[in-house]
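Residues per chain are reported as follows:
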Amino acid sequence: MAKLVLSVDGVVMSEVALTKERMTLGRKPQNDIVIDNIAVSAEHAVIVTLLNDSFLEDLGSTNGTFVNGQPVKKHFLQNGDTIELGKYRLKFIADADMAVQPYQQSLASLAETSSMQPLPSPNNETPAVIRLLSGAAVGRELKLTKALTTLGRPGVQVAVITRRPQGYYITHVQGIQFPVVNGNTLGAEAHPLNDRDVFELSGMKMEFLLRP
């Protein structure tokens, strides 16, 4: 399980395990991680954890959220990242037993690829697939063999597709524009994907298919 190590002026104050899918950081006591400092907004930021991956999002704070010295709105947390809220530092420590990072593929690269080799399935189950409906690689398919698959262009638009016991879900991670599913723009919450749903991301149109 990942955790945050909270420190002030280089002195470690506490460690907080990321035990919930959604954990808020802020000055008010209703937050999961309370930082009682005037430089920190009432609800400053949130960390969303999907399986083995955690994403940080600023909640419109007054003074902003910084990671490794850079201002961020949304950020995919990696081991060793330092979140800065005023004078407070929260170092993100990934679980040492975590699986390797999920398969990631730029949609731009998918469009330019003349052939797409299927990923080996971790078991005998036939996974769902994403079929490209636009670009140079129309008709090519990407098997969703991982529990979490990241799609998009970092810094432009990124979303993740997660496989849960209830089915597959798509969640917006980064970018001003949110993914569009069947013509409807998504919000910040995870959205379930159904067979033959068509979604648009980073200028690409794709179809989600469940194989029998």
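Because the structure is predicted, anything quoted here is derived from the model rather than measured.

Reading the values: rules and limits
Residues numbered from 1 in each chain as written. Predicted model: local features only at pLDDT ≥ 70, side-chain atom pairs only at ≥ 80, totals over all residues. Heavy atoms only, no water. Salt bridge = Lys/Arg side-chain N within 4 Å of Asp/Glu carboxyl O. Helix = DSSP H or I, 4+ residues; strand = E, 2+ residues; numbered from the N terminus. Buried < 20%, exposed > 50% of the residue type's maximum accessible area, 1.4 Å probe, protein only. Pairing = 2+ DSSP bridges. pLDDT = per-residue confidence, 0-100. Contact = heavy atoms within 4.5 Å.

Peer 1: Sorry, what's going on with the pattern of salt bridges here?
Peer 2: If the charged atoms of two oppositely charged side chains come close together, the side chains can form a pair. The final tally for this structure, using the stated rule, is seven salt bridges. In this structure, E21 and R164 form a salt bridge, with 4.0 Å as the shortest nitrogen-oxygen distance. Taken together, the positions of E21 in the loop between β2 (11-17) and β3 (22-26) and R164 in strand β16 (residues 157-164) put the pair 143 residues apart, joining distant regions of the chain. On the basis of relative accessible area, E21 is assigned to the partly exposed category, the value being 45%. When its relative accessible area of 22% is taken as the criterion, R164 is described as partly exposed. Taken together, the shared-partner salt bridges in this structure form one network comprising R131, E141, R196 and E207.

Peer 1: It is not clear to me how the sheet that holds strand β14 (residues 141-143) should be interpreted in this structure. Could you clarify?
Peer 2: The strands making up a sheet associate through hydrogen bonds between their backbones, and the pairing can be parallel or antiparallel. Taken in spatial order, the six strands line up as β14-β13-β22-β21-β18-β19 in an open sheet, and their pairing is antiparallel. The open sheet terminates on both sides in strands that have one partner only, identified here as β14 and β19 (184-185). Examined bridge by bridge, strand β18 (residues 180-181) and β19 share two bridges and lie antiparallel to one another. Across the sheet, residue V180 finds its bridge partner in β19, namely T185.

Peer 1: Please explain the confidence of the model for the protein as it appears in this structure.
Peer 2: Any residue range with low pLDDT should be treated as having predicted coordinates unsuitable for detailed reading. On average, residues of the protein score 79 in pLDDT, and 83% of them reach the 70 mark or higher. Of the regions scoring below 50 in pLDDT, residues 96-124 engages in 49 contacts with residues more than four places distant in sequence or in other chains.

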